Amino acid sequence: MSFVYLWQNREKTHTFSWFWLKQWAKRILSFTQLVTVLKTKFLLKIKGSRIGSLSIISNKSRIEGCLEKLTIGDCTFIGQAYLAIHADIRIGSCVVINDGVKLLTASHNVDDPSWSSFAKPIIIDDYAWIATDAIILPGIHIGKGAIVGAGAVVTKNIPEYNIAVGNPAKLLDKQRTQELKYNPVQLIACYEAWLGKYC
Ligand SMILES: CC(C)(COP(=O)(O)OP(=O)(O)OC[C@H]1O[C@@H](n2cnc3c(N)ncnc32)[C@H](O)[C@@H]1OP(=O)(O)O)[C@@H](O)C(=O)NCCC(=O)NCCS
């Protein structure tokens, strides 16, 4: 998404009304944040990553490896996470990945005398929430709407709408609602200032 998109889709109101003044004040105050967001996306895209519209990746995230193997859908939020990209990382839309999360796509073969390495993809489906400091190991698939609790170490696939906590992560008995309908980036100040609360 570019600044042109924000401009074309900006929330419009009566010029010089109280709301109009408030809106423009917000746009000016959050402009530095917007430039940072767009710049971070732009830099990832020119290195080959595919990133959908409105997604936000913190400029403090650490994203290393084959950037062309990274795909992110629309309206996804990635905080100060670490992504080690040795195999595909496919993240869907409306996903939240909090600070401190680590996505690890490579490891070493412990049975091999020469300690050979291998890489496996990580797939995270729409509406998944990976909470603070969780670690996702190579080859893991996090299903639609699934939650990985803070600090969990995920060693097995998490089925859709399930909640997994702990180390190693285990499924809770309860599940998440299947009627998920939210946009996790809608309240990020620099978007809200242009698109309104419900973009
Ligand atoms: C995973 C999570 C969403 C579950 O929330 P919840 O459904 O309200 O869970 P509950 O509090 O009912 O706990 C259910 C069980 O899981 C355990 N549990 C919950 N979160 C856990 C976690 N992160 N690690 C280990 N165990 C956890 C509880 O101790 C409880 O165990 P019990 O049934 O044996 O007593 C939540 O605990 C969590 O980790 N939130 C992330 C917080 C975060 O990162 N915030 C920053 C971004 S907003």
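Residues numbered from 1 in each chain as written. Predicted model: local features only at pLDDT ≥ 70, side-chain atom pairs only at ≥ 80, totals over all residues. Heavy atoms only, no water.

A. Layout of the overall build of the protein. When helices and strands are counted, the protein shows 4 helices and 19 strands. The C-alpha extent of the protein, read off along each of the three principal axes, is 70 × 40 × 20 Å. Put simply, the protein has 199 residues, and 45% of those count as buried. A sequence separation of at least 24 residues applies to 30% of the contacts in the protein between residues at least 6 apart. (Helix = DSSP H or I, 4+ residues; strand = E, 2+ residues; numbered from the N terminus. Buried < 20%, exposed > 50% of the residue type's maximum accessible area, 1.4 Å probe, protein only. Contact = heavy atoms within 4.5 Å.)

B. Region of interest: the packing of aromatic side chains. Under the defined criterion, the tally for this structure stands at 8 aromatic pairs. Between the aromatic rings of Trp24 and Trp194, the centroid separation amounts to 5.4 Å while the plane-to-plane angle is 80 degrees, which identifies the pairing as edge-to-face. Here the residue Trp24 occupies a position in helix α2 (residues 18-29), and Trp194 occupies one in helix α4 (residues 189-195), the gap between them amounting to 170 residues. For Trp24, a relative accessible area of 25% corresponds to the partly exposed category. Through pairs of rings, three or more aromatic residues link up here, namely Phe3, Trp7, Phe16, Trp20, Trp24, Phe31 and Trp194. If you follow Arg27 out to its NZ or CZ, it ends over the ring of Trp24, 4.8 Å from the centre. (Phe/Tyr/Trp six-rings, centres within 6.5 Å; stacked < 30°, edge-to-face > 60°. Lys NZ or Arg CZ within 6 Å of the ring centre and 35° of its normal.)

C. Local environment of the pairing of strand β19 (residues 170-175). Across the 6 residues of β19, 0 count as buried, placing the element largely on the outside. Here 3 bridges tie strand β18 (residues 162-165) to β19, and the two strands are oriented antiparallel to one another. Across the sheet, Val165 pairs through a bridge with Lys170, a residue of β19. The turn linking β18 back onto β19 is made up of 4 residues, and Gly166 within it adopts a positive phi angle of 90 degrees. (Pairing = 2+ DSSP bridges.)

D. The pairing of strand β6 (residues 82-85), seen in detail. Residues Tyr82 and Ala84 point to one face of β6 and Leu83 and Ile85 to the other, with burial holding for every one of them. Alignment of β6 against strand β9 (residues 102-104), held across 3 bridges, turns out to be parallel. Pairing of Tyr82 across the sheet is with Lys102, part of β9.

E. Main features of the sheet that holds strand β15 (residues 141-142). One open sheet holds the 5 strands; their spatial order is β1-β4-β7-β12-β15, and the pairing between them is parallel. A single partner strand is all that each edge strand has here, and the edge strands are β1 (50-51) and β15. Two strands pair when backbone bridges link them, and β1 and strand β4 (residues 70-72) are joined in this way by 2 bridges, in the parallel orientation. Note that in β4 the partner of Arg50 across the bridge is Thr71.

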